[in-house]
Amino acid sequence: MELYVLRSKEEIGLEIGRRIVERVKQNPYIVLGLATGSSPLFTYEAIVKYSLAENVSYKNVTTFNLDEYVGLEETNKQSYRYFMNENLFKYLDFKKESHHFPSIENMSNYDEEIKNSGGIDIQLLGIGSNGHIAFNEPFTNIDEKTHIVELTENTIKDNSRFFKSINEVPTKAITMGLNTILQSKEIFLIATGKNKSMAVKKMLEGKYDPSCPASCLNLAKCKVHVYIDDECYEGIK
Ligand code: GLP
């Protein structure tokens, strides 16, 4: 696991965005694992900026998103499909059919679909304040593949900031499992702000602790790049 401490979330976005665009240029058929939430927003902005400036095409790129709420239509502003369209997809020349999101219908085949596409070359991750990655809550079985989950009160509360009221936050989601994520060929995790410090601290202890799902990345065979900002770092020291 490699730790990078940068000044701000904007800087992290520019850095990871640049690295991803370089990789797309090297391999136009790359398979990207994508995340939602506020953490990757500046990364998506940077990907769009660099790609448009350098005329980088995404017509052969495949994407697999980490997770999606159960029961939200694609047109619902809180759905992760809507989020991806608005923050990344609509600006670049992706083919609509190259995007994959886990759902009740496809969850039992999702890992197989990832495998058949050649596997995820780069997986982008955020982290919850309780250490969750995607929607793998504390004490999730590390062998889980894509599956349905009941969200914890903590996550519902954290994510309610995107909804009009906490009652509108879905209580269930479909998520790639920890096992799915660990199959990736390279991982970039972003954690910014003080409320992520405790989870990041646990993850950086170097061993797998089931109370902090993100710490499973210590068992990853691939490269894991952890990007945090000064504020998050302050809370770890
Ligand atoms: C949600 C998502 C996660 C994300 C987490 C952190 O629960 N399912 O994939 O990492 O929130 O969100 P944020 O980046 O907004 O702090």
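Residues numbered from 1 in each chain as written. Predicted model: local features only at pLDDT ≥ 70, side-chain atom pairs only at ≥ 80, totals over all residues. Heavy atoms only, no water.

Asker: Looking at this structure, I do not really get the pairing of strand 10 (residues 223-229). What am I missing?
Answerer: Put simply, side chains in a regular strand alternate between the two faces of the sheet. Where burial is concerned, most of strand 10 is hidden: six out of the seven residues are buried. Here strand 1 (residues 2-6) pairs with strand 10 via five bridges, running parallel. Its bridge partner being in strand 10, glutamate 2 is matched across the sheet by histidine 225. The parallel pair strand 9 (residues 186-191) and strand 10 is bridged by helix 7 (residues 197-203), and the resulting crossover is right-handed. (Buried < 20%, exposed > 50% of the residue type's maximum accessible area, 1.4 Å probe, protein only. Helix = DSSP H or I, 4+ residues; strand = E, 2+ residues; numbered from the N terminus. Pairing = 2+ DSSP bridges. Right-handed = clockwise from strand over helix to strand, strands pointing away.)

Asker: Just to check I follow, could you spell out the side chain of serine 184 for this structure?
Answerer: Inspection of the secondary structure assignment puts serine 184 in the loop between helix 6 (178-182) and strand 9. Serine 184 gets classed as buried once you look at its relative accessible area, which sits at 5%. Looking at serine 184, its side chain comes within polar contact range of the main-chain oxygen of isoleucine 181, at 2.7 Å. With residues near it in sequence (within four places) discarded, serine 184 still touches Ile120, Gln123 and Cys222. (Polar contact = N/O pair within 3.5 Å; in protein donor to acceptor, adjacent residues only side chain to side chain. Contact = heavy atoms within 4.5 Å.)

Asker: Please clarify how the layout of surface pockets should be interpreted in this entry.
Answerer: Over the atoms, a rolling probe the size of a water molecule traces out where space has been left empty. Here the largest pocket defines a volume of roughly 670 Å³. Among the elements of the structure, strand 4 (67-69), helix 3 (80-87) and helix 5 (153-159) are those that each provide at least two residues to the lining of the largest pocket. Of the residues assigned to the lining of the largest pocket, the class counts are 13 nonpolar, 14 polar and eight charged. Quantified by volume, the second largest pocket comes out at close to 230 Å³. What lines the second largest pocket is simply Asp111, Glu112, Ile114, Lys115, Gly119, Ile120, Lys145, Asn179, Thr180, Gln183, Ser184 and Lys185. Taken together, the elements giving at least two residues each to the lining of the second largest pocket come down to helix 4 (110-116) and helix 6. (1 Å grid on protein atoms, 1.4 Å probe; cavity = no way out; pocket = protein on both sides within 12 Å on 5 of 7 lines; lining within 4 Å. Points joined across faces, edges and corners; volume = space filled by probe spheres on them. Nonpolar A, V, L, I, M, F, W, Y, C, P; charged D, E, K, R; others polar.)

Asker: Help me out: how do you make sense of the site of the ligand in this one?
Answerer: Within the structure, the ligand sits among 14 residues, and Ser38, Ser39, Asp67, Arg161 and Lys196 are positioned closest to it. Between histidine 132 and the ligand, the recorded distance is 2.8 Å, taken from a side-chain N or O atom to an oxygen atom. Between the ligand and asparagine 159 there is a distance of 3.1 Å, counted from an oxygen atom to a side-chain nitrogen or oxygen. Computed on the free molecule, the ligand has an accessible area of 390 Å², of which 96% lies beneath the protein chains in the complex. A molecule is said to occupy a pocket when more than half its atoms come within 2 Å of that pocket's grid points, and by this definition the ligand occupies the largest pocket. (Near = heavy atom within 4 Å. Areas by Shrake-Rupley, 256 points an atom, 1.4 Å probe, with all protein chains shown as cover. Sits in = over half its atoms within 2 Å of the grid points.)

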